[in-house]
Amino acid sequence: SGQEDPRTRTRPPDAPPSAQRISMMRGALVLALLVGAAVGQNFQKDVMGEGRRPAKKQKPPPPGGYPKRPKSRGGDGPEEVDRRQPRPGRERKGKPEDYDLPAPKALEEHMDAMHDWWCEQEDRAESSKLCISWYKHSTIRKAALEKDEKPPPPPREGRPDMSEIEEMHTSWCDVEGNEKTGPCKMWRRRGAEMDL
């Protein structure tokens with residue numbers, strides 16, 4: 001019991017550190033330097049932009065610059081061309097008389113007559129998606145026509161099946177005297193364009 005435990009023995013403050021302690025301190029210093037160097041490299045790559053892919057180059061503007069916004073949309077460029085007119089050099093499909101449509105308001109009257117005729121049969125006015133959609137959006141269509149604008153299409157929800165639309169046009173256009181009305185001309189023209 002006369003021996004002192006080496007773990008509890010204290011070293012005088014002016015005594016030099018042991019070799020083991022020096023070795024541990026060196027190891028910690030080397031480890032700190034290595035971590036610091038790695039962090040420094042990542043900082044240089046991330047912040048300084050080294051090691052990154054170069055940014056995409058912006059395309060140069062087209063010759064003559066970008067087109068200007070038309071005056072009708074708040075810009076100072078020329079007015080837009082009516083895109084509903086056929087492009088020069090593009091042939092129309094179907095019969096020429098099918099392209100001779102009445103004015104938009106007259107065409108709307110023909111469409112109203114066709115829908116009235118269709119929806120009165122077999123009490124479709126309350127059960128047919130086509131009839132419900134047509135009458136539900138009639139005020140929007142008529143308001144657009146009063147402003148000389150193209151009527152907007154009906155919203156997607158509640159839109160009728162194409163088979164019902166086709167059946168209505170076919171039945172209406174089969175009635176003698178209706179074949180020259182706007183809806184029938186448009187339907188024939190549509191059929192000719194789909195046969196391409």
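Up top is the structure these notes are about.
Summary of the structure given here. Just so you know, these numbers come straight off a predicted model, no measurement behind them. (Residues numbered from 1 in each chain as written. Predicted model: local features only at pLDDT ≥ 70, side-chain atom pairs only at ≥ 80, totals over all residues. Heavy atoms only, no water.)

### Quick notes on the overall build of the protein
Heads up, the rule is: Under the scheme used here, helices are H or I runs from DSSP no shorter than 4 residues and strands are E runs no shorter than 2 residues, and both carry numbers assigned from the N terminus. Accessible area is worked out with a 1.4 Å probe on protein chains only. A residue is then buried under 20% of its type maximum, exposed over 50%, and partly exposed in between. Areas reported here follow the Shrake-Rupley algorithm with a probe of radius 1.4 Å; residue values treat only the protein chains shown as occluding.
For the protein, the count of helices and strands is 7 helices and 0 strands. Counting over 196 residues, the protein shows a buried share of 19%. When the accessible area of the protein is evaluated, it comes to approximately 16,600 Å², of which 54% is carbon and sulfur surface.

### So, the state of the cysteines
How we decide: Cysteine sulfur pairs qualify as disulfides if the two atoms are within 2.5 Å.
Following the criterion strictly, the structure yields 2 disulfides and no others. The disulfide that involves Cys-173 links it to Cys-184, with 2.1 Å between the sulfurs. Handedness here is read from the sign of the S-S torsion; for Cys-173 and Cys-184, about -105°, the answer is left-handed. With Cys-173 in helix α6 (residues 162-174) and Cys-184 in helix α7 (residues 182-194), this residue pair connects regions lying 11 residues apart in the sequence. The residues Cys-173 and Cys-184 share a single accessibility class, namely buried.

### A closer look at a nonpolar patch on the surface
In plain terms, the rule: Exposure above 30% relative accessible area and no salt bridge define the residues that can form patches, which grow by joining like charges within 9 Å and nonpolar side chains of Val, Leu, Ile, Met, Phe, Trp and Tyr within 5 Å. Here, a salt bridge means any Lys or Arg side-chain nitrogen found within 4 Å of an Asp or Glu carboxyl oxygen.
The grouping of Leu-31, Val-35 and Val-39 at the surface amounts to a nonpolar patch, some 280 Å² of accessible area in total. Relative to the elements of secondary structure, Val-39 occurs in helix α1 (residues 19-47). Since its relative accessible area comes to 52%, Val-39 is described here as exposed.

### A short note on the packing of aromatic side chains
What counts here: Ring geometry is summarised as follows: Phe, Tyr and Trp rings, the Trp one being its six-membered ring, pair when their centres sit within 6.5 Å, and such pairs are stacked at plane angles under 30 degrees, edge-to-face over 60 and tilted between the two. Only lysine NZ and arginine CZ atoms are considered, and such an atom sits over a ring when it is within 6 Å of the ring centre and within 35 degrees of the ring normal.
Across all of its chains, the model carries 2 aromatic pairs by this definition. Ring geometry for Trp-117 against Trp-118: centres 6.4 Å apart, planes inclined by 40°, an arrangement best described as tilted. Under the relative-accessibility criterion, Trp-117 is labelled partly exposed at 27%. A connected cluster of aromatic rings, assembled from ring pairs, spans Trp-117, Trp-118 and Trp-172. The residue whose ring lies beneath Arg-124 is Trp-118, and the NZ or CZ to ring-centre distance is 3.5 Å. Directly above the ring of Trp-134 sits Arg-141, whose terminal nitrogen or CZ lies 3.4 Å from the centroid.

### Re the side chain of His-115
Here is the rule: Pairs of N or O atoms are called polar contacts if they sit within 3.5 Å, as long as, within protein, a hydrogen donor faces a hydrogen acceptor (for residues adjacent in sequence, only side-chain-to-side-chain pairs). The contact criterion used throughout is that any non-hydrogen atoms of two residues lie within 4.5 Å.
In this structure, His-115 sits in helix α2 (residues 104-120). At a separation of 2.8 Å, a polar atom in the side chain of His-115 contacts the main-chain carbonyl oxygen of Met-111. Discounting residues that sit within four places of it in the chain, His-115 has contacts with Leu-130, Trp-134, Tyr-135 and Met-168.

### Re the pattern of salt bridges
Enumeration according to the criterion identifies 4 salt bridges in this entry. A single network of salt bridges, built from pairs that share partners, joins Glu-108, Asp-112, Arg-141 and Lys-142.

### A short note on the nonpolar core
Spelled out, the test is: Residues grouped as a nonpolar core are buried Ala, Val, Leu, Ile, Met, Phe, Trp, Tyr and Cys residues, joined through side-chain atoms within 4.5 Å.
One finds Met-111, Met-114, Trp-118, Leu-130, Met-168 and Trp-172 to be the most contacted residues of the largest nonpolar core, which totals 14 residues. Of all elements in the fold, only α2, α4 (129-136), α6 and α7 reach the threshold of two or more residues within this core. The biggest single contributor to this core is α2, with 5 residues. Leave out the neighbours within four places in its chain, and Met-114 touches Met-168, His-169, Trp-172 and Pro-183.

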